[in-house]
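A structural walkthrough
Chain by chain, the residues run as shown.
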Amino acid sequence: TTKELVASVLGRRHNVLCTQGNLNNHIGVPLTLLQLRPEHDMAVVETGANHPGEIAALCRMVQADCGLITNVGRAHLEGFGSLEGVKAAKGELYDDLQRRGRFIFLNAFDDDLRAMATERKFVLGKDALPYVEGRVEDCDPFLRFRWRSEPDSPWRSVQTHLVGAYNIVNVRAAVTVGLRFGVPEEEIDWAIAEYMPANGRSEYRETPRHNRLFIDAYNANLTSMQAALLNFQFVRAERKLAILGEMRELGPDSAMAHVEVVRLLAEAGMDAWLVGEEFARVAPSGG
């Protein structure tokens, strides 16, 4: 989602090439780079991994001028081994940029990312501009947020088509990148407001029977599942049902993660259909 929003914002003033779909591995990244043409003046290239060393290899291909990590979640633990392993793998992007004297866009509200940036001696604080502050105004069903880049400047309010208050991190990232590369504030607002998610993330649909569907169904992990369920608790509706598929690639932590999801559902008193072998093993009998 961050990749799509960043490309939408930059596209207001630049000719942008962007990773399509999830082509972010050792095959997808070269396919993206091979589409670069002289008329492109910017590229937004997503690099992904589920094992150590993969992002480092992709960085050597991309040779990026700057980089952004949105957050650090408990994803692909089967390949990374632990949350520390996830940090180390994602940190390969910071390592590449630091070694080549490039810069990062930092989510300063994420303690893990701040620590990772500090360890690599990136400049933080007032000298690292722009600094974007963002707050959620509403999210039923769509996120409306406000932002500003100066402490004394007026707030700007933007209504999005994104489901989920957790998208505040993604939109703040897109605003920050847009400001850094000369996109006017009004055009940043328009780009984010007009973006329509269609990638299995933060989507909203209505069925012929007038059910409202919140679709966040691409490659979940415990961190993203917790965020989605927390947001769903605050959606106002007469009847709500969570339909949850099992989470994959979590290794030894898989059972614990599925138990935690069941516990969250029980605490919220939320009706749910749980799908998959992992949930079958940990859900109460007949639950």
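Here, every reference points to the structure presented above.
Small disclaimer: the values here were computed from a predicted structure and weren't measured. (Residues numbered from 1 in each chain as written. Predicted model: local features only at pLDDT ≥ 70, side-chain atom pairs only at ≥ 80, totals over all residues. Heavy atoms only, no water.)

**Digging into the overall build of the protein chain**
- Of regular secondary structure, the protein chain possesses 11 helices and 11 strands.
- Taken against the 2.2 N^0.38 rule, which gives 19 Å for 287 residues, the C-alpha radius of gyration of the protein chain at 20 Å falls within 12% of a compact globule.
- Relative to its full complement of 287 residues, the protein chain shows a buried share of 39%.
- Contacts in the protein chain between residues at least 24 apart in sequence constitute 59% of all its contacts with a sequence separation of at least 6.
- Total accessible area on the protein chain stands at roughly 15,500 Å², and carbon and sulfur atoms take up 51% of it.
- When the 32 basic and 39 acidic side-chain charges of the protein chain are each reduced to a single mean position, those positions are 2 Å apart. (Helix = DSSP H or I, 4+ residues; strand = E, 2+ residues; numbered from the N terminus. Rg over C-alpha atoms; globule rule 2.2 N^0.38 Å. Buried < 20%, exposed > 50% of the residue type's maximum accessible area, 1.4 Å probe, protein only. Contact = heavy atoms within 4.5 Å. Areas by Shrake-Rupley, 256 points an atom, 1.4 Å probe, with all protein chains shown as cover. Lys, Arg positive; Asp, Glu negative; His and termini not counted. Charge placed at Lys NZ, Arg CZ, Asp CG, Glu CD.)

**A closer look at helix 10 (residues 254-268)**
- Over its 15 residues, helix 10 extends 22 Å from the first C-alpha to the last, a length consistent with the 21 Å expected when each residue adds 1.5 Å.
- Regarding helix 10, the residues found buried are Ser 254, Ala 257, His 258, Glu 260, Val 261, Val 262, Leu 264 and Leu 265.
- Considering only its buried residues, helix 10 is in contact with helix 9 (222-233), strand 10 (241-245), strand 11 (271-275) and helix 11 (277-282).
- Positive phi shows up at Gly 269, right after helix 10, with a value of about 60°. (Expected span 1.5 Å × (residues − 1).)

**Overview of the nonpolar core**
- In this structure, Phe 145, Val 171 and Ile 192 are the most contacted members of the largest nonpolar core, which totals 26 residues.
- Of all elements in the fold, only helix 1 (2-10), strand 2 (42-44), strand 6 (142-148), strand 7 (156-163), helix 7 (168-180) and helix 8 (185-194) reach the threshold of two or more residues within this core.
- Ignoring any residue separated from it by four or fewer positions in sequence, one finds Val 171 in contact with Leu 5, Leu 143, Phe 145, Leu 162 and Ile 192. (Core = buried A, V, L, I, M, F, W, Y, C linked by side-chain atoms within 4.5 Å.)

**Here's the deal with the pairing of strand 11**
- Inspection of the sheet shows strand 10 paired to strand 11 by 5 bridges, in the parallel sense. The residue bridging Leu 244 from the neighbouring strand is Leu 274, located in strand 11.
- For the crossover from strand 10 across helix 10 to strand 11, the handedness is right-handed. (Pairing = 2+ DSSP bridges. Right-handed = clockwise from strand over helix to strand, strands pointing away.)

**A look at helix 1**
- In terms of burial, helix 1 is largely enclosed, as 7 of its 9 residues are buried.
- Those residues of helix 1 that sit buried are Thr 2, Lys 3, Leu 5, Val 6, Ala 7, Val 9 and Leu 10.
- Turning to helix 1, the residues buried within the fold contact strand 1 (16-18), strand 2, strand 3 (66-68), strand 7, helix 7 and helix 8.

**Observations regarding a nonpolar patch on the surface**
- Together, Leu 23, Ile 27 and Leu 31 give the surface a local cluster of nonpolar side chains, amounting to about 250 Å² of exposed area.
- Note on Leu 31: relative accessible area 44%, which makes it partly exposed. (Patch = residues over 30% accessible without salt bridge, like charges linked within 9 Å, V, L, I, M, F, W, Y side chains within 5 Å. Salt bridge = Lys/Arg side-chain N within 4 Å of Asp/Glu carboxyl O.)

**Some thoughts on the pairing of strand 9 (residues 212-215)**
- Pairing of strand 8 (residues 203-206) with strand 9, which is carried by 4 bridges, proceeds in the antiparallel orientation. Across the sheet, Arg 205 pairs through a bridge with Leu 213, a residue of strand 9.
- As consecutive antiparallel partners, strand 8 and strand 9 are separated by 5 residues, and within that stretch His 210 has a phi angle of approximately 70°, a positive value.

**Quick word on the side chain of Thr 176**
- Inspection of the secondary structure puts Thr 176 in helix 7.
- Here Arg 172 takes part through its backbone oxygen, which lies 2.7 Å from a polar atom of the side chain of Thr 176.
- For Thr 176, the residues in contact, after removing those within four places along its chain, are Phe 105, Pro 130 and Val 132. (Polar contact = N/O pair within 3.5 Å; in protein donor to acceptor, adjacent residues only side chain to side chain.)

**Observations regarding the environment of His 51**
- With respect to the helices and strands, His 51 occurs in the loop between strand 2 and helix 3 (54-62).
- Residue classification places His 51 among the partly exposed residues on the basis of a relative accessible area of 40%.

**Focus on the packing of helix 5 (residues 83-99) against helix 6 (residues 111-119)**
- With their axes 11 Å apart at the nearest point, helix 5 and helix 6 run at an angle of 50° to one another. As summarised for this structure, helix 5 and helix 6 are arranged oblique, according to the angle between their axes. Here helix 5 and helix 6 pass one another in a crossing that is right-handed. Along its contact with helix 5, which presents Lys 87, Lys 90, Gly 91 and Tyr 94, the element helix 6 presents Asp 112, Leu 113, Met 116 and Ala 117.
- In terms of residue class, the contact of helix 5 with helix 6 is made up of 4 nonpolar, 1 polar and 3 charged. (Axes fitted to C-alpha atoms, helices over the stretch in contact; angles between N-to-C directions. Parallel < 35°, antiparallel > 145°, perpendicular 65-115°, else oblique. Left-handed = near helix turned anticlockwise from the far one by under 90°. Nonpolar A, V, L, I, M, F, W, Y, C, P; charged D, E, K, R; others polar.)

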